[in-house]
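Chain by chain, the residues:
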Amino acid sequence: MIFCRRLLTFALGLSFVFGHLSCTRRVSDQDGTINTVVSANIKGLDPIFSSDVYTNAVVAQIYEPLLTYHYLKRPLTLQPLLAAEMPKVSEDGLTHTFKIKKGIQFQDNPAFPGGKGRELVAEDFIYSWKRLADPRNQSDGFWVFDGRIKGLNEWREAVLKEEADYDTPIAGLVAKDPYTLEIQLTRPYYQLHYVLAMTYTAPVPREAVERYKEEFINNPVGTGPYRFDSWVRNSRVTLVKNPNWREEFYPSEGEPEDRARGLLEDAGQALPFAERIVFHEIIEDQPRWLNFMRGNLDFVDIPKDNFESAVVGDSLSPQLAEKGIFLQVSTEPDVTYTAFNMKDPILGQNVNLRKAISLAYDTETLIERFYNGRAIVAHSPIPPGVDGYDPGFRNPYKEYNLEKAKEYLAKAGFPEGQGLPELEFSTISSPTARQMAEYFQQNMAQLGIRVRISSSSWPQFTNKIREGQAQIYGIAWLGDYPDAENFLQLLYGGNVSPGPNGSNFQNEEFDRLYERASRLPAGPERTRLYQQMRDIVVAQAPWVPGAHRQSYYVAHGWLKNFKRNSMIQDYFKYLRVDPKKRAELKAKL
Amino acid sequence: MSQSQKPPARRNSLWWDALRHLRRQPLAMVSLGVILFYVGLALLCSAGVIFTDYALVDHNRPYQEPSWENWLGTDIFGRDVLARAAHGSITSLSVGFVGTGLALVIGTLLGALAGYFGGRTDDLVVWFYTTVDTIPYILLVVSLAFIMGPSLQTLYLAIGLTFWVSHCRIVRAEFLKHRERDYVQGALAVGASHWRRIFIHILPNIFHLILINFSLVFVTAVKSEVILSFLGLGVEPGVPSWGMMINDARLELPRGVWWGLAAATGFMFFLILAFNLFNDALREALDPKRSRV
C-alpha cells in the first residue's frame, strides 16, 4: 500500500481534478490564526487513515507519534516526541525499549469520565498499533509493521478468525510499566524509528474509539498541541490550541544560516504559538494562488504555471518581495523515473536498448520545460537528503548523447530503430502527464524508436503496473522517511508486481545486498552497500532516473519560523503569525 | 407554343429547386465556401502539401508569441500553433464524417426496418432506441471511450454508436407514413420485394431528411470530439486536435499564453458556425412546404 500512498501526491499534483472550489473565509486577524491550504479533500481525521499528505497535514497536528524530526536541523534528525528519550536498542537489534514521557494528557473529550483527558500510558500504543494491524479496519498503513513485530501478524490472522481480540497479548509488544514500552522484532529493522515518527503510529485512546465507533474518524482525540474544532465538508477544517498541552519549547539550535533568517528568534519560547489553524480545501491551482495573493492564505507552494511571474532567476520577483512575501526552497527526497518492465520480452532482455533510451532522454530540457528548472537531474534512485546520496555521482547513461545512444541501439540489434516494434508508454490522462509522455515520444523519435502513448485514469494506470502490463511508464516516488532503503525497495526482487517494484527488476546481487543492508544500522558500511546497489541499478538500467524535484514555497512576511520539509508533519506548532504585521502588510496587497 | 418553353420535369424536382434556392442565399453560399475550405485544408494537410512542420519540435522556442514566422505563436514544444490547429481539422472532420456516417447508417437501417415492417420488429427497435436514449449521450460516449482507450477509431465508434437515436426515430416515422402511400402499394402490386421497396422506392423519397440530419449530427460530432479530447478520452496524445489544444490552454493561460486557446477555439468556431448556417439554409431549401418560385 505504500505504493499508492506516496504516489498519490504526484498524481494529484498532475491530474486534472474537477473540484469544488471553496473560498477562504477570514476567521479573525486578531488572534494569530494560521490560514493554510490543502490541495485535495480531507478524507477523515484518524491516524490509521492518514495515508495521503493532505489528510496527514491535519491529523499530524492533533495526534503525535513517539518520535519526530528536529524542526530546524538538516539532514533530518530524529528526536523524541512522546518518548522521553531516544529508545534503547539491544545488541542484536531486536529489542527496542521506549520510555514514555510522564504526565502526557489526552485532549479533553466526553469519552473520558468527567470529560477530562486522561494520562497516556504504554498500553495505549499497544492498543493503537493493534488497531492499525486489525484487518477489519482496512488501514493502508499496516505496511510499517508488516512482518516486523513478533506476534503481530499472527494476531492479525487470529482476529479475522475471531480467535483473538484487543485484550489478547502480543509477544512483541509489552508494557513493562505504564511508561515503558518494549518492542520485540522478528528481525532487525532499522527503519523502525522512522516509521515511529509517522502519524500512522500515533496513539489513540481506547475509550474514544469505543464510544464513537465508526464516527471516531470525525471525532479525533489525540495528545497534540491542537484539537479539533469544526469541519465544513469540502471547505475547511479548523483546529484550536489544546489548553492542556504539555510544556514544550521552540528549538534553540539549527542550521548555521537559520539565525540570520530569523528562525531562532523564538528559541526557548513555549509552543504552540498560533491560537487556531484553518485548513482550507482548495483543489484548483489558480484559486489557491489568488487566495494567497489576497492574503487569505499565509503560505502556499507556487503552482507551476504561476512560477514565471513569481520567481525571477533564483529569487522572488520584485513585485512580490515588495509586498513582504518571502521565498523558501526545499529539496524534497523524491525521484521521478521512467521504468521499464523487465518482464517485457523486448526490453527486459536487452540492456543495451534500455541504455540507448536512457542516453536519448534529455532530462535537462524536461526540467526546464516542466519544472521551471526547479529540479536537479537524477543519476540514481537515491535522492538528496538521504543516506547514500552522492552529489558527485554521475550515471554514464544519464548524459544526453544521441551519438552514443545510436551506438547502443545498434549494439542492441536495432540500428536506427530498424526491426524494433512500436513501444508503449503508459501514463495518466492529465495535461502535464500527457505532455511529458509526448516529450518522451519526441525524444525517442530522434533515435528512430516509435512510441505509442497509452493514457488512462490513475486507478487504471496503477492497476496496469500492478498487473505487470505496462511496458514503459513514467512515475514518481516521494520518500516516507530519509533512508535510501525506502527508494531501493522499489527495485528489490521481493517487491515485484503487485508490490512496489513495478519494473519487476530482479537481480540476485542487488537482493543480497538489500537484505544485508536491512540488517545494518545507519553507518558507513550500510552506506557502502547502498552505493553498491546503486551501481547495479545504473549498470542494469531498469529505470531511466528523471529528476529530484524542489518545492518552492512563498509565505507572507507576517508568518514567522517558516521552514518547510515534506517529512516534518507537526510543524504548525512552531509557526507564529504577527497580527500587527499582518494588518500592515495586508493593506499593501 | 414551342416545346422549349416547357422545362424538363427533372429540373422541377425537390433537389433542383432546393439548389436554386440555396444559390440565392449569400450567407449559405459563404458558409458552404467555409466548409469546403476546411475540407480542402484537411485534405491538403493530410496529403502533406501544406503545414508539413506541425510536429517539428524546437525546444529553444517554447511559447513564442505570434509573429511573422509563427502567425499564431508556438506551443510548449516550440511547435507552430497554426500548423497544429490546421491539422486539428483533419481529426475533427474525419470524426465528423465517419462518426456521423456510421450513426446515420445505423439510424437509417434500424428506422427503416422498424417503420416498414412494424409489429415485433418495430417494438424491438423502439425498445432499443428508447433504452439507449435514456442514457445521457455524453456519459455513453465517455464510457465507450473509456473502455476502448483513446484513439481515432474509438471516437468514430463512440460517436457512431450513440448518435443514431434521433435520426432513427425520424426515419421510422417517415417509413410508417410512406409504406401506406400509393407508390409503395403500386410497387407491391407489380411484385417488388421488401428490399426493393425499402431501398429503391421509399429511401430516395426521404433522403432530404437524411441530409439535414447529417449536417445536424455532424456539428454535434465535431463538438464531441473536442470535448472527449479535452477530457483525455479522445485522440492519442501527439495527434493534433483542437480539444487537446484547449486542454493544454488550461495550463498556458496563467502564463499569459493565449494563442493556443485562440487558435483552437477560432478554428472550431468558424467550422461550427458555417455548418449551422448552412444547415438552416438547407433545411429551408428542402422544406416541401416552402412556396416554390
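Residues numbered from 1 in each chain as written. Chains lettered and ligands numbered in written order. Predicted model: local features only at pLDDT ≥ 70, side-chain atom pairs only at ≥ 80, totals over all residues. Heavy atoms only, no water.

> Can you explain the packing of aromatic side chains? Please cite residues and give values.
All names here are of chain B. Inspection of every chain in the model, using the stated rule, returns 45 aromatic pairs over all chains. Judged by centre distance (4.9 Å) and plane angle (90 degrees), the rings of Y116 and F117 are edge-to-face. Given a relative accessible area of 8%, Y116 falls into the buried group. Centroid distance F218 to F275: 4.2 Å. Interplanar angle 20 degrees. Geometry classified as stacked. (Phe/Tyr/Trp six-rings, centres within 6.5 Å; stacked < 30°, edge-to-face > 60°. Buried < 20%, exposed > 50% of the residue type's maximum accessible area, 1.4 Å probe, protein only.)

> Tell me about the pairing of strand β19 (residues 472-478) of chain A, residues and numbers included.
Residue and element names in this part refer to chain A. With seven of its seven residues buried, β19 lies for the most part within the structure. Of the two faces of β19, the one lined by I472, G474, A476 and L478 and the one lined by Y473, I475 and W477 are each fully buried. Taken together, the seven bridges between strand β15 (residues 334-340) and β19 define a ladder with antiparallel strand orientation. If you follow Y337 over to β19, its bridge partner there is I475. Where strand β17 (residues 423-428) lies against β19, two bridges are found, and the strand directions are parallel. (Helix = DSSP H or I, 4+ residues; strand = E, 2+ residues; numbered from the N terminus. Pairing = 2+ DSSP bridges.)

> Lay out the sheet that holds strand β8 (residues 226-232) of chain A with the relevant residues and their values.
All names here are of chain A. Strand order across the open sheet formed by four strands is β1-β10-β9-β8, with mixed pairing between neighbours. Here the strands that pair on one side only, and so sit at the sheet edges, are β1 (34-38) and β8. The mean angle between the axes of side-by-side strands here comes to 20 degrees, regardless of whether they run parallel or antiparallel. Here β8 pairs with strand β9 (residues 236-241) via six bridges, running antiparallel. Paired with Y226 across the two strands is K241, which belongs to β9. (Axes fitted to C-alpha atoms, helices over the stretch in contact; angles between N-to-C directions.)

> Describe the packing of helix α2 (residues 26-46) of chain B against helix α12 (residues 259-285) of chain B, naming the residues involved and giving the relevant values.
Two numbers describe a pair of packed helices, the interaxial angle and the distance between the axes. Residues and elements named next belong to chain B. It is the contact of α2 with α12, at a shortest axis distance of 8 Å, that shows an interaxial angle of 135 degrees. Taken together, the axes of α2 and α12 lie oblique to each other. In terms of crossing hand, the pair formed by α2 and α12 is left-handed. Taken together, the residues of α12 that come into contact with α2 (itself represented by L27, A28, S31, L32, V34, I35, Y38 and L41) are G266, F267, F270, L271, A274, F275, L277, F278 and A281. Looking at the contact of α2 with α12 residue by residue, the classes come out as 15 nonpolar, two polar and no charged. (Parallel < 35°, antiparallel > 145°, perpendicular 65-115°, else oblique. Left-handed = near helix turned anticlockwise from the far one by under 90°. Contact = heavy atoms within 4.5 Å. Nonpolar A, V, L, I, M, F, W, Y, C, P; charged D, E, K, R; others polar.)

> Describe the domain arrangement of chain A, and please don't skip the residues or the numbers.
All names here are of chain A. By the assigned domains, chain A splits into domain 1 (226-331 + 551-586) and domain 2 (334-549). For domain 1 and domain 2, the distance between their C-alpha centres works out to 34 Å. Listed per partner, the contact involves ten residues of domain 1 and eleven residues of domain 2. Buried area between domain 1 and domain 2, summed over both chains or domains, comes out near 850 Å², and the portion from carbon and sulfur atoms is 60%. Of all residues in domain 1, K304, T331 and M567 give up the largest surface area on contact with domain 2, accounting jointly for 61% of the area buried on that side. For the pair domain 1 and domain 2, the number of links is zero salt bridges. Here domain 1 is connected to domain 2 by one residue pair in polar contact (both at pLDDT 80 or more). Of the residues contributing to the side of domain 1 that touches domain 2, the split by class is five nonpolar, three polar and two charged. (Domains from an automatic or database assignment. Buried area = accessible area lost by both parts, 1.4 Å probe. Salt bridge = Lys/Arg side-chain N within 4 Å of Asp/Glu carboxyl O. Polar contact = N/O pair within 3.5 Å; in protein donor to acceptor, adjacent residues only side chain to side chain.)

> Now, about unusual backbone geometry: what can you tell me, with residues and values included?
Residue and element names in this part refer to chain A. The residue after R74, namely P75, is reached through a cis peptide bond having omega -5 degrees. Non-glycine residue N504 carries a positive phi angle of around 55 degrees. Along the chain, the position of N504 falls in the loop between α15 (485-488) and α16 (508-518).

> Pulling in residues and values, what's your account of the interface of chain A and chain B?
Tallying the contact residues gives 25 residues for chain A and 21 residues for chain B. Of the roughly 2,300 Å² buried between chain A and chain B on both sides combined, carbon and sulfur atoms contribute 53%. On the chain A side of the interface with chain B, the three residues burying the most area are D305, R369 and R434 of chain A, jointly 29% of the side's total. Summed over the shared surface of chain A and chain B, the number is three salt bridges. A salt bridge links R434 of chain A to D248 of chain B, with the shortest nitrogen-to-oxygen separation between them at 2.6 Å. Seen at the junction of chain A and chain B, the total is six residue pairs in polar contact (both at pLDDT 80 or more). At the level of secondary structure, the elements contributing two or more residues to the side of chain A that touches chain B comprise α11 (363-370), α13 (431-445) and β18 (451-456) of chain A. At eight residues, the largest contribution of residues to the side of chain A that touches chain B is made by α13 of chain A. Its residues assigned to classes, the side of chain A that touches chain B comprises six nonpolar, twelve polar and seven charged.

> Account for helix α7 (residues 165-178) of chain B, with residues named and values stated.
Residues and elements named next belong to chain B. Given a rise of 1.5 Å per residue, 14 residues ought to cover 20 Å, and the 20 Å separating the end C-alpha atoms of α7 matches this to within 8%. Along α7, the positions that sit buried rather than exposed are V165, H167, C168, V171, R172, E174, F175 and H178. Residues of α7 that are buried in the fold lie against α3 (81-117), α4 (119-134), α6 (152-162), α8 (182-189), α9 (194-205) and α10 (207-230). (Expected span 1.5 Å × (residues − 1).)

> Tell me about α4 of chain B, residues and numbers included.
All names here are of chain B. An ideal rise of 1.5 Å per residue puts 22 Å on 16 residues; α4 measures up with 23 Å between its terminal C-alpha atoms. Every buried residue of α4 is accounted for by D122, V125, Y129 and V132. Angularly, the buried residues of α4 cover 105 degrees about the axis, an arc narrow enough to put them on a single face. Within α4, the exposed residues directed more than 90 degrees away from the buried face are G119, R120, D123, L124, W127 and T134. In this structure, the buried residues of α4 make contact with α3, α5 (137-148) and α7. (Arc of directions from axis to C-beta.)

> An account of a nonpolar patch on the surface is requested, with residue identities and associated values reported.
Residues and elements named next belong to chain B. On the surface, L109, L113, F117, W195, F199 and I200 cluster together into a nonpolar patch covering about 550 Å² of accessible area. Counting residues per element, the ones that place at least two in the nonpolar patch are α3 and α9. Relative to the elements of secondary structure, L109 occurs in helix α3. (Patch = residues over 30% accessible without salt bridge, like charges linked within 9 Å, V, L, I, M, F, W, Y side chains within 5 Å. Areas by Shrake-Rupley, 256 points an atom, 1.4 Å probe, with all protein chains shown as cover.)

> Which residues make up the nonpolar core, and what values go with them?
Counting residues in each nonpolar core, the largest one holds 110 residues, and the members touching the most others are L353, I357, F440, M444 and I449 of chain A together with F175 and W242 of chain B. The greatest single-element share of this core, amounting to 13 residues, is contributed by α12 of chain B. Core analysis: the next-biggest nonpolar cluster, separate from the first, contains 94 residues, L66, L120, A197 and Y481 of chain A among them. (Core = buried A, V, L, I, M, F, W, Y, C linked by side-chain atoms within 4.5 Å.)

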